[in-house]
Amino acid sequence: MTATDEKPPVTRWSGLSRTADGRPVPSAAERARGNLAGLRLSDRLVGWAAPIAVTLLAFWLRLYHLGTPKRFAFDETYYAKDAWSLLNNGYAQTYLTDVDGDTENKIDDDILAGHVHDVWTGDPSMAVHPEVGKWLIALGEKAFGMDPSGWRVASAVIGALMVLVMCRLLRRMTGSTVLGCIGGLLLMFDGLHFVLSRLALLDIFVAFFILCAVHCLIADRDHFRRRLGRRVLTGSTTEGGEEPMVGWGPVASVLFRPWLVAGGICFGLAVGTKWSAVYPLAVFGLVVWIWSAGARRSFGVRWPVVKSALVDGVPAFFQIVIVGILVYIATWGGWLANAGEYEEHLSSTQYRQYTGEGHCAEDEDSYIATNLDENKKWATADEKDASGIGEAWQSLRSLWYYHQDVYTFHTHFLDCSEHTYESKPSSWLLINRPVGVAVTNDIQPADRELPPDQQDLPRDEDCDAPEGSDCIRQVLLIGTPMIWWGGCIALLFSVVMWIGARDWRYGVAVVGTLSTWLPWMLYDDRPIFYFYAIAILPFIVIALTLSIGTLIGPSRLPSSRRTIGVVISGAFVVLVLVNYAWFWPIWTNGLLTSSEWLDRIWFSRWV
């Protein structure tokens, strides 16, 4: 071979184009290192210290007068009491109607008065939601007692931790600690998140676990690409000398993906709090496959979507879905240990005997099932108690029958129900119908003279309502309007950036919003509530933060674009803070005159 026959060396994985200013586009291997590659130790410390500071501030705000109002607010009457029964009995039991001998008081009043022991009938309760969130509430009750502060503290902790996860997630997605903290602040200053972090409802827990699961999947995306990139940068074109990179790419070395397992655990806990989490699980499971295919394509694998379905999709299914199912079953441990009680008392309810026939009651908003099959019951109800593996299988079958009955309840027995605060999910992003969870009306000044027939009205020495008016205390489940209305614009921008600029990060915001919002449209013929939208909120915050980052631009050098972007973004964050401060009293049961309260109720649908 002559010198003229020699071919120049080929750089297989170099970038294929240049930017507008002539710089070479980074290769796939270099891009795979991620936004946070090569950070100094000080940068990494700040990357933790700043989000933790934001989290501590969020936690402090959520602890403010956590025990007020001193009552069971809205559905706390179910979840706080179920949690207390789980803690004391291992499974949810029904409650007595009275324990203090005063039949005029309800059991809720007796519990608030301190009668918290020997309050159960011994029969299992037909709880219609899984148990993870209730177990977390029970931890707070174990630590601080069966009172409003005790049953709400777990929500405060989870709400604050959710801010931390948001900060770290956005830092990973943008490479900016500042943007990460801005996202955390937006989440912290949202009213819906704030109030749910101060109530013993389940929705803050399901939103937290969904956010954690998505964070794990995004961490896996980075980790998977780095593992592929390392093989390229080290000059390896085969995996263990077996498969060429241009064929399938690495297979055996990337079968186990620990971040996917962590995501599966989080999704299992999310579904173990509320079944609605199964939709984002399914959608983001597909997203993992598409991300994996995109990673292989960037390294030269041909037909990556098809090949990735086999070498990435199948293992991911086991590590996300199967792990999630196993975790979900494990969360029913208390139920399974007491399956015999359910087989004895709940194996032949109207939900099991339902034949599809029924009608709405004439005098109340309830559904009456007719033509019940009175001989129908769980198959396990008449079986002899097994032992060992047979007992476990028998209990699992009973749990499956129980799930069928609960599903029947959700899909048929709520069809005739109505509620003052029910809302259509199509209006949630616009905050069409917030939920009043607690209110005290007609509060009078302490020194006001009242006629004999009004002597029972509540009084407050801090009430300074003028003559002819009064004061009010309320806890209203409503988001910060600036965040939600601004979020609608940010989501539209996200669609443009995802499709037009092919920025996968905006796809997370869009896909997350749709997967946690659109499924509720299937059930808008029964009472559902605005605060279910808390699962949508993290993705709205992601859209807002990414939009702020795009508005400011990637360069740190002074420019007119950066100046305008900082001014607009800063003004938005300030308006959010002002909005938060303005609504503070109606989120914290604060005392307001009627006119001050009306100043915060901007639309008649908010009453």
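Look above for the structure.
Residues numbered from 1 in each chain as written. Predicted model: local features only at pLDDT ≥ 70, side-chain atom pairs only at ≥ 80, totals over all residues. Heavy atoms only, no water.

## Some remarks on helix 10 (residues 258-271)
Its 14 residues give helix 10 an end-to-end C-alpha distance of 20 Å, which sits within 8% of 20 Å, the value for a rise of 1.5 Å per residue. Listed in full, the buried residues belonging to helix 10 are Leu260, Gly263, Gly264, Cys266, Phe267, Gly268, Ala270 and Val271. (Helix = DSSP H or I, 4+ residues; strand = E, 2+ residues; numbered from the N terminus. Expected span 1.5 Å × (residues − 1). Buried < 20%, exposed > 50% of the residue type's maximum accessible area, 1.4 Å probe, protein only.)

## Here we look at unusual backbone geometry
Backbone torsion omega between Thr68 and Pro69 reads 0°, so that peptide bond is classified as cis. Position of Pro69 among the secondary structure elements: in the loop between helix 2 (41-63) and helix 3 (76-89). Unlike most non-glycine residues, Trp303 shows phi in positive territory, near 50°. If you trace the backbone, Trp303 turns up in the loop between helix 11 (278-298) and helix 12 (304-330). The exposure class assigned to Trp303 is exposed, which follows from its relative accessible area of 64%. We note that Asp442 has phi near 60°; this positive angle belongs to a residue other than glycine. Position of Asp442 among the secondary structure elements: in strand 7 (residues 435-445).

## Structural notes on the packing of helix 18 (residues 504-517) against helix 19 (residues 537-552)
Their axes nearest at 8 Å, the elements helix 18 and helix 19 cross at an angle of 155°. By the criterion of interaxial angle, the relationship of helix 18 to helix 19 is roughly antiparallel. Here the hand of the crossing between helix 18 and helix 19 comes out left-handed. The residues of helix 19 that touch helix 18, namely those facing Arg505, Tyr506, Val508, Ala509, Gly512, Thr513 and Thr516, are Phe539, Ile540, Ile542, Ala543, Leu546, Ser547 and Thr550. Of the residues in the contact of helix 18 with helix 19, the class split is 8 nonpolar, 5 polar and 1 charged. (Axes fitted to C-alpha atoms, helices over the stretch in contact; angles between N-to-C directions. Parallel < 35°, antiparallel > 145°, perpendicular 65-115°, else oblique. Left-handed = near helix turned anticlockwise from the far one by under 90°. Contact = heavy atoms within 4.5 Å. Nonpolar A, V, L, I, M, F, W, Y, C, P; charged D, E, K, R; others polar.)

## Description of helix 7 (residues 177-188)
Taking 1.5 Å as the rise per residue, helix 7 with 12 residues should run 16 Å; its terminal C-alpha atoms sit 16 Å apart, in good agreement. Burial runs high along helix 7: 10 of the 12 residues are buried. Buried residues belonging to helix 7 abut helix 2, helix 6 (148-174), helix 8 (191-196), helix 17 (481-500), helix 19 and helix 20 (560-587). One side-chain oxygen of the residue at the start of helix 7 lies 3.3 Å from the amide nitrogen of Val178, identifying that residue as Ser176. (Polar contact = N/O pair within 3.5 Å; in protein donor to acceptor, adjacent residues only side chain to side chain.)

## Details of the state of the cysteines
Scanning the model with the defined rule gives 2 disulfides in all. Between Cys463 and Cys471 runs a disulfide, and the two sulfur atoms are separated by 2.1 Å. Looking along the S-S bond of the Cys463-Cys471 disulfide, the torsion reads about 90°, which is the right-handed sense. An identical accessibility class is assigned to Cys463 and Cys471; each is buried. Here Cys216 stays free of any disulfide, with the sulfur of Cys266 as its closest cysteine sulfur at 4.4 Å. For Cys266, a relative accessible area of 14% gives the class buried. (Disulfide = S-S within 2.5 Å.)

## Some points on the packing of aromatic side chains
Scanning the entire structure with this criterion turns up 43 aromatic pairs. Plain terms: the ring middles of Trp428 and Tyr532 are 6.3 Å apart, the flat faces sit at 90° to each other, and that makes the pair edge-to-face. One end of the pair, Trp428, is in the loop between helix 16 (389-412) and strand 7; the other, Tyr532, is in the loop between helix 18 and helix 19, with 104 residues separating them in the sequence. Pair check on accessibility: Trp428 and Tyr532 agree, each one buried. Clustering of aromatic rings is evident, with ring pairs tying together Tyr64, Phe189, Phe194, Trp485, Tyr580, Phe583, Trp584, Trp587, Trp602, Phe603 and Trp606. Against the face of Trp504 rests Arg221, its NZ or CZ located 3.9 Å from the ring centre. Cation over ring: Arg257 sits above Phe224, and NZ or CZ is 4.1 Å from the ring centre. (Phe/Tyr/Trp six-rings, centres within 6.5 Å; stacked < 30°, edge-to-face > 60°. Lys NZ or Arg CZ within 6 Å of the ring centre and 35° of its normal.)

## Things to note about the sheet that holds strand 8 (residues 459-460)
Strand order in the open sheet formed by 4 strands is 8-7-9-10, and the pairing between neighbours is mixed. Where the open sheet ends on each side, the last strands, each with one partner, are strand 8 and strand 10 (591-593). Sheet topology note: the strand 7/strand 8 ladder contains 2 bridges and is parallel. Considered in strand 8, the bridge of Gln444 is made with Arg459. Across the face of the sheet, helix 20 comes into contact with strand 9 (471-477) and strand 10 while running at roughly 105° to strand 9. (Pairing = 2+ DSSP bridges.)

## Topic: the nonpolar core
Ranked by size, the top nonpolar core spans 139 residues in total, and within it Trp335, Tyr402, Trp428, Leu477, Trp484, Phe531 and Ile542 carry the most contacts. The dominant element in this core, judged by the number of residues it contributes, is helix 9 (residues 203-233), at 14 residues. Each residue touching Trp428, except ones within four places of it in the same chain, is listed here: Ser423, Trp484, Trp517, Trp520, Ile528, Phe529, Tyr530, Tyr532, Ala533 and Ile536. Listed in part, the 8 residues of the second largest apolar core include Tyr354, Ala369, Phe409 and Cys416. (Core = buried A, V, L, I, M, F, W, Y, C linked by side-chain atoms within 4.5 Å.)

By themselves these figures say nothing about function.
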